[in-house]
Structure formats: C-alpha cells, structure tokens
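The residues making up each chain are set out below.
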Amino acid sequence: MFTVLRDRIKEPRAAYHWFAMSEDALISSREGGLYCAAGDFYIDACQPVARTIVTHAHSDHACAGAGRYLTAAAGERVLRKRIGAEAVIDSLQYGEQVDLNGVKISLHPAGHVLGSAQVRVEYRGEVWVVTGDYKRQADKTCAPFEVVPCHTLVTECTFGLPIFRWRKTEELAAEINQWWRGNVSAGRTSVLLAYALGKAQRVMSLLDPSIGPILVHGAVQSMVETYRASGVSLPAAEHANAETARAGKGRALVIGPPGASALWMRKFNPLSVGIASGWMAVRGFRRRKSADMGCALSDHADWPDLLRTIRETGAQRVIATHGYTAQFARYLAETGLETSVYATRFSDAGEEDETSAEEA
Ligand SMILES: [Zn+2]
Ligand SMILES: [Zn+2]
C-alpha cells in the first residue's frame, strides 16, 4: 500500500511532484487538496469542492468557494473573516468526534494560530492524522498542540531542515522588547512586520506595554478584533494612522504585515524596522529584506520538534507535505520510516499568509 521513496526522492522535485499513493490510501493527494475517498471530503481544499475540513484560516489552507466547511469552533470567527460571511461553516470542539459517511473525524489543537487543528481520521481501525501547520512552542493566543497517536501522520515540514532550531519564546520576547526599548532611547519608532493572522497577535501577547503605545496596521487590527471577539485577551492597541503615528513618534511599536508599503511606513520616520519570522534564522533573508532587527519567532515546528512529534505519535508511516518535503522525507526514510510526499499547491511558499493589504 505504501512505497518508500528512497530512490525517487533523490531525483529532482518535479519527478514525483504529483506522485500518488495507491488508490486505496485513506487520504490521498488530489489537485484540489487532500482527499478522503471513504468519507468523500477534502482537507484544506483550495478548489470549489462540496465539503472541506479546514485546519486553519491561512490562505494556503482555507479558500472561499467550497460548499461546506468543517473547522474547530475556536477558529470559526477567524475563518469566516477570511472566506466570507455567507460561507456554510460547521464547527467542532477540540476532541469532539463526528461521523462522515462511516469515517470518524475529530479535530485536535495544532498550536499554530487561533483555532488551528490537526485532523484525526479513523476508518475500519486505521487512524490517520493530518497536522496542518503546527508548533510546539508556547503561544498564549491559541490552544497548545496535542499529540494524537496514529498509524499514518501527514505532517507539514515548512522548516524541515536541521538548521532550523528555535530559541525559547521568552528569549525571543525579551529580544523584541529590548529592541523596542533601545529604539525609544534613540527616539525611533519601532515598526515590526509580522503576518496579520496569528503572528501579529502572538507578538502582541509578548510585548511589554509599559515601554510605549502599541499601534497596528488596518489588516492586523481587523484580525486583532476577531481574536478579541473569540475570547483571546491582548494588550490595548490603536489603529496606526497619521494622528496616532505623530502622537507615538519615537515611542510606539507599530505592527504591520510583511507586505506593508514603503509609503505606509514613511509616516513613522524616524524608524527602525524589525521582522518576526522563522526565516530570520537564515542569514541573508534579513539583509535582503533590509530589516534592522530579525527575530526568528515562528509559528511552525522546528527540526527537533518535527522529529519529536513524529516519534510521539507512534506513526510508522509519515507523509511530508508543505515545505522542505524532499529533504525531510529522505531523512525520515533513512531512519526506517515508511515515507512519502504529498505535494501542495503552495509547497514552496513557506510561511504563508503574505497579507499585502495596502494602507497609506
Ligand atoms: Zn499556517
Ligand atoms: Zn501553511
């Protein structure tokens, strides 16, 4: 039923890009997303399918146009914000089980962003878990990751290379607050770029509001409001406009999305630019983005946590998706696990959700 791709994964990516597991795999990879034939549903479909389970609301997992959605209750508001008020969304509490055409489904916390879930699928005694995006590090803005035992694990591997090893969240928080304090002493406004959904709110939860006012870009603010409405408590923050920029000049920390324009940033001059992203762990990324401060704060599992998670689930078969799939699958195959790769539409996009909402 499963094939070890030892030889194939040494070939260039394109050679197995759409490599399909055998037809009877409980969950297979289709062009529209991951598909469960027994239950006739998709997971993270990005085509207009009849029914999809959504692991979380980032744009490479949640797309508008499906007939019916199933998601974790904690993330329902966030999902609706992203895919539209008219979408038909069913929700489940974490751990609650439903039956879909004879297939048992439950959702379990993934610790990635608010409402993020792993999908547990059970059929005729066989258990598969699809992790979606996940992390094992502390995050006050969402439920912590839960280990779900399974036979087959479909795991993301956005940072599936040994070079990715995160520092503790507290250390990274201290680094951000120290940078902010330093900027206040120098009379500069701090502009921190972070993904509008998830990262921005996690960053907010780590800030020390006694240093100065917190301002947020419109794209971030709308998600902050959705988080608050979902019951997540975050420090006070005001919309970053010309007026608040002037009032907070040299003291404020402004959170904007990575795609924020130069025009938008100009009103915070003199400023210091920081980026909060796992990619900051790679020398060169920061320079290319011309940031003054790069903080490797990621909402994905690093290399040790990916391996630990696979071990803890007890899975004998692992399918890598979303990220450094070829390298990661090759490593796993060498450790004796049955391994495969499921391509995703955005498998090279890495950390997702490049909100480019322009705001002048
Ligand atoms: Zn994500
Ligand atoms: Zn993703």
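What comes next is a walk through the structure. Keep in mind that this is a model prediction, so the values were computed, not measured.

**Structural notes on the nonpolar core**
Residues I27, V119, L192, A200, V203, V254 and I255 are the most contacted members of the largest nonpolar core, which totals 108 residues. No other element matches the six residues that helix 9 (residues 325-334) contributes to this core. Counting residues domain by domain, this core receives three or more from each of domain 1 (8-164 + 299-342) and domain 2 (169-295). When near neighbours in sequence (up to four residues on either side) are disregarded, I27 contacts L34, Y35, C36, V121, W128, V130 and V154.

**Quick notes on the sheet that holds strand 11 (residues 152-157)**
Pairing is mixed across the open sheet formed by seven strands, whose spatial order is 7-8-9-10-11-18-19. Looking at the sheet topology across the chains shown, the edges are occupied by strand 7 (97-100) and strand 19 (338-342). With strand direction ignored, the average angle separating the axes of adjacent strands in the sheet is 25°. Most of the contacts of helix 8 (residues 303-313) go to strand 11, to which it runs at about 170°, and overall it touches strand 10 (126-130), strand 11 and strand 18 (317-323). Along the sheet, helix 9 contacts strand 11, strand 18 and strand 19; its crossing angle with strand 19, the most-contacted strand, is approximately 170°.

**Quick look at the pairing of strand 8 (residues 103-109)**
Most of strand 8 sits out of view: six of its seven residues are buried. Two elements, strand 7 and strand 8, share four bridges in a ladder whose sense is antiparallel. In the sheet register, Q97 faces strand 8, and the bridge partner there is S106. Here strand 7 folds back onto strand 8 in antiparallel fashion, the turn holding two residues, of which N101 has a positive phi close to 55°. Bridging between strand 8 and strand 9 (residues 117-123) involves six bridges; their strand directions are antiparallel. Across the sheet, residue S106 finds its bridge partner in strand 9, namely R120.

**Some details on the environment of Y123**
Note on placement: Y123 falls in strand 9. Judged by local crowding, Y123 falls into the partly exposed class, with 19 C-beta atoms found within 10 Å. Residues Y123 and A38, spaced 85 residues apart in sequence, show a C-alpha to C-alpha distance of 7.9 Å. Other than its neighbours up to four places away in sequence, Y123 contacts L26, A38 and V103.

**Overview of the sheet that holds strand 1 (residues 28-30)**
What links the strands of a sheet is backbone hydrogen bonding, and the strands pair in either a parallel or an antiparallel sense. Read from one edge to the other, the open sheet built from six strands follows the order 1-2-3-4-5-6, with strand pairing classed as mixed. One side of each edge strand has no neighbouring strand; the edge strands of this open sheet are strand 1 and strand 6 (89-92). Here the strands of the sheet are splayed against their neighbours by 30° on average, with no regard to which way each runs. Of the pairings in the sheet, the one linking strand 5 (residues 68-72) to strand 6 comprises four bridges and is parallel in character. Residue pairing in the sheet places A72 in a bridge with L92 of strand 6. Packing of helix 1 (residues 76-83) onto the sheet brings it into contact with strand 5 and strand 6, and relative to strand 6 it is tilted by some 160°.

**Focus: the pairing of strand 16 (residues 271-276)**
Burial of strand 16 is extensive: five of the six residues sit out of reach of the surface. Where strand 12 (residues 189-193) and strand 16 come together, five bridges link them in parallel fashion. Among the inter-strand pairings, L192 is bridged to a residue of strand 16, identified as G274.

**Here we look at helix 3 (residues 199-206)**
Side chains that are three or four residues apart share a direction in an α-helix, a result of its 3.6 residues per turn. Counting buried positions along helix 3 yields seven of eight residues, so the element is predominantly enclosed. Along helix 3, the residues classified as buried are K199, A200, Q201, R202, V203, M204 and L206. Here the buried face of helix 3 lies against helix 2 (169-185), strand 12, strand 13 (214-216), helix 4 (218-229), strand 15 (253-256) and strand 16.

**Section: the environment of Q93**
Turning to its location among the elements, Q93 is positioned in the loop between strand 6 and strand 7. Its 10 C-beta neighbours within 10 Å are what place Q93 among the exposed residues. Between the alpha carbons of Q93 and P109 there is a distance of 9.8 Å; along the sequence they are 16 residues apart.

**A few points about unusual backbone geometry**
The linkage connecting N269 with the following residue, P270, adopts the cis geometry, with an omega of -5°. Here P270 lies in the loop between helix 6 (262-266) and strand 16. One non-glycine residue with positive phi stands out, namely D40, at about 50°. Its place among the elements puts D40 in the loop between strand 2 (33-36) and strand 3 (41-43). One non-glycine residue, N101, adopts positive backbone phi at about 55°. Inspection of the secondary structure assignment puts N101 in the loop between strand 7 and strand 8.

**As for helix 8**
Among the residues making up helix 8, those that are buried are D305, L306, T309, I310 and T313. For helix 8, the arc enclosing every buried residue in end-on projection is 135°, short of the 170-degree limit, so these residues lie on one face. Summarising the contacts, the buried residues of helix 8 are in contact with strand 10, strand 11 and strand 18. Phi turns positive one or two residues past the end of helix 8, at G314, with a value near 75°.

What counts and what doesn't
Residues numbered from 1 in each chain as written. Chains lettered and ligands numbered in written order. Predicted model: local features only at pLDDT ≥ 70, side-chain atom pairs only at ≥ 80, totals over all residues. Core = buried A, V, L, I, M, F, W, Y, C linked by C-beta atoms within 7 Å. Buried ≥ 20, exposed ≤ 12 C-beta atoms within 10 Å, placed from the backbone. Helix = DSSP H or I, 4+ residues; strand = E, 2+ residues; numbered from the N terminus. Domains from an automatic or database assignment. Contact = placed C-beta atoms within 7 Å. Pairing = 2+ DSSP bridges. Axes fitted to C-alpha atoms, helices over the stretch in contact; angles between N-to-C directions. Arc of directions from axis to C-beta.

In short, the description is geometric, and any link to function would need to be established separately.
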